[in-house]
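Here's the letter readout for the chains.
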Amino acid sequence: MAASRHDVDRALLRQVRRALRQGRMMTMLLDGINVANDVSGILTAIIAVATLVTFYRQSRQSWWRDLTRYWNAQFDTGEEDGYPLDAHVPPLLKVYVPRTAKPRERPAAAAVPTDRLVLGDGPHALLIGPPGSGKTALVRQAAAASAQRWLTSSGRLRRAPDGPLVIRLTAAALVGQTLQRAVAEAADPWAPELDQEPLPHRRMVILVDGLDALVDPQQRSAVINMLAREAGTPPEHWRLVVTTRPLGDRELETLGTFDAYHLMPFTEDDVTALAAKWLTRPGPFLAWLGSDPASAKARSPLLVTVAAVLWENGMHGSAPRPAELMEAFVGLLLGARRTALDALFADPHDIGPDTEWLSRHRRDLLVAAAKSSVDGKDVVTGTLAWIGEQLPGSRPGRWREPVTTLLLRTGIFQNGRRGLVPTWTGLVAYLAAERPAAGLDRNTMTTGMGTPSRQAVVGWQFERAGTPEEFIAEMRAAPGGSTDVGRFAAGGLPVPEPVLVEVLATLLTDGSPEARAVLITLAADRAHLDALRALADDGRQPRTVRRAAHLFFAGRAVTSVPPPG
């Protein structure tokens, strides 16, 4: 049966649109004119001209309409404070302090602004930072600021802002699906082809946050391998910027296709800048923050932000030590959400001893949920299992819906692709460390520091133990102890200065790739970098140590030198 004229028109229109996408419109138009004595050629030429005019008239707006919902959502995250509190907290876009990062393999190099790494035209980048260093805030701010620039333009490409199109993903969004599918899911209904320009004369930056948050080693390995494959060719139409806590040596080696950078710690100037943006009278806050020698540990972006929230809410009576800050913040959070949580337990159809017990133990329930999260378990299932242990015979399965609602109402958890996920991983890590085992077990602690998703938990357990020097000395004396202590120091945990100097000297002369990797991570911190420089120039140190330090700064590995003595 002959095709109808309508079917022919539809087929030709599809052909024209395909040619437009592939950049073959002019060739097709000329071909149609050259065969004008053929009816199909004439029809093709007419449709081509009409479609060409319509396409270029509408294309200025179609991509804009498709991306507007995504931009609005990202802009909203910058206008929100990001903290699950009912109290006023300034929006991220107002208080964010620009950050810098250093090339991982060149610790003596000058730091570069992270804005340049994210928005520039360089290679794929890997941003590494310890727990609480502000990686997620950096990603949120970059995506929100980019969305703000696009939304305030006129909707026409020639008037659009300079710079790339920024798409924000979590690493969890890459589990079990391709990068292209994850991008399309995040920016729906806009669905780009990664082998083409996302927009004419524009590139795309895909921000992937929280690689370390993938607790399952197999899932994390699969995502790392996929990212390494995607980054195997130089960026053309898009580039990747991935954030993570310190990874294992093999994982870093797999991601060798990325240019790796270490996020620089907050400086005193950064703290002052944040306080000036946040508070009308920053002076008293800064004086309080520096009122105790131990408060120097409260200089991470996470803890400075928590301290500012507490200060604004009049909760600044005690010295600003890390554990006390976080404990006060949890109390503030539960107090702010008390009305919503009380309503959950006020159902007249379900009043009973179990309900009353759960209402009294909300914080313990949050601890159980946090532990389930950092252990890679389903958050609700793990919490219900804890309830069953606490209340034998209580049939905790009937509590699935109320427990899910409770965890969501706290604001600490949110819905994810595979169940509840943390809204704020730093706070969940603090809660998960609420019930550390008696004493500190070296194997447990070193294994935790080597597991990206558990580094913050180990840090808080170490903090609660009061940083026992005898434990560090015992770790230092064990085989491979210098590497373990180095990892602890690189993760932001305090190590006594004499022990740290010994550890640095040992690592410098070790000669192994593992020791060099720990040194590179340590050198991202200015204090550790200064200690390494001091070793290079310290005449009291053995010549082998000084030589190894100079080679380290020259970017050359030490292959075989005798131990210092």
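Here the structure is a predicted model, which means the values were calculated and not measured.

Moving on: the confidence of the model for the protein. In low-pLDDT regions, the fine details of the predicted coordinates are not to be read closely. Mean pLDDT for the protein: 79, with 78% of residues reaching 70 or above. Considering only residues more than four positions removed or in separate chains, one finds that residues 19–30, a stretch of pLDDT under 50, has 17 contacts.

In this structure, strand 8 (residues 413–416) lies alongside strand 9 (residues 419–422), joined through four bridges in antiparallel fashion. Opposite Q414, over in strand 9, you have V421 as the bridge partner.

Formed by 61 residues in total, the largest nonpolar core has its most connected members in F285, L407, L427 and L431. Per element, the largest residue contribution to this core is nine residues, and it comes from helix 12 (residues 301–312). Not counting the four nearest positions on each side in its chain, F285 is found in contact with A275, L279, V304, A307, A308 and W311. Counting 40 residues, the second-largest nonpolar core is a separate cluster that includes A147, A182, A187 and L255.

To continue, consider a negative patch on the surface. A cluster of acidic side chains, namely E193, D195, E197 and E236, defines a negative patch on the protein surface. On the secondary structure map, E197 appears in the loop between helix 7 (179–186) and strand 5 (204–209). By relative accessible area, E197 is classed as partly exposed at 42%.

Taken as a whole and assessed by the stated rule, the structure comprises 11 salt bridges. Of the charged contacts in the structure, one is a salt bridge between D188 and R69, with a shortest N-O distance of 3.1 Å. Here D188 is found in the loop between helix 7 and strand 5, whereas its partner R69 is found in helix 3 (residues 39–79), with 119 residues between them in sequence. Among the residues examined, D188 registers a relative accessible area of 42% and is labelled partly exposed. Exposure remark for R69: the relative accessible area of 53% places this residue in the exposed category. Between E502 and R476 there is a salt bridge, with the nearest N and O atoms lying 3.8 Å from each other. Remark: R476 occurs in helix 22 (residues 469–477) and E502 occurs in helix 24 (residues 497–510); sequence separation between them is 26 residues. Judged by relative accessible area, which is 42%, E502 ranks as partly exposed. If you follow the salt bridges from partner to partner, you end up with D484, R487 and E514 in one network.

Attention shifts here to helix 12. One turn of the α-helix equals 3.6 residues, which is why residues spaced by three or four share an orientation. Between the first and last C-alpha of helix 12 there are 16 Å, a value that for 12 residues agrees with the 16 Å anticipated at 1.5 Å per step. With respect to burial, helix 12 is a largely interior element, 11 of its 12 residues being buried. At the C-terminal side of helix 12, G314 shows a positive phi close to 75 degrees.

With that settled, the discussion passes to the packing of aromatic side chains. Counting across every chain of the model gives 10 aromatic pairs. Considering the side-chain rings of F462 and F488, the 5.3 Å spacing of their centres and the 70 degrees angle between planes classify their relative orientation as edge-to-face. With F462 in helix 21 (residues 455–464) and F488 in helix 23 (residues 481–490), the pair connects residues that are 26 residues apart, well separated along the chain. Residues F462 and F488 agree in their burial class; the two are buried.

Cut-offs used in this document
Residues numbered from 1 in each chain as written. Predicted model: local features only at pLDDT ≥ 70, side-chain atom pairs only at ≥ 80, totals over all residues. Heavy atoms only, no water. pLDDT = per-residue confidence, 0-100. Contact = heavy atoms within 4.5 Å. Pairing = 2+ DSSP bridges. Helix = DSSP H or I, 4+ residues; strand = E, 2+ residues; numbered from the N terminus. Core = buried A, V, L, I, M, F, W, Y, C linked by side-chain atoms within 4.5 Å. Buried < 20%, exposed > 50% of the residue type's maximum accessible area, 1.4 Å probe, protein only. Patch = residues over 30% accessible without salt bridge, like charges linked within 9 Å, V, L, I, M, F, W, Y side chains within 5 Å. Areas by Shrake-Rupley, 256 points an atom, 1.4 Å probe, with all protein chains shown as cover. Salt bridge = Lys/Arg side-chain N within 4 Å of Asp/Glu carboxyl O. Lys, Arg positive; Asp, Glu negative; His and termini not counted. Charge placed at Lys NZ, Arg CZ, Asp CG, Glu CD. Expected span 1.5 Å × (residues − 1). Phe/Tyr/Trp six-rings, centres within 6.5 Å; stacked < 30°, edge-to-face > 60°.

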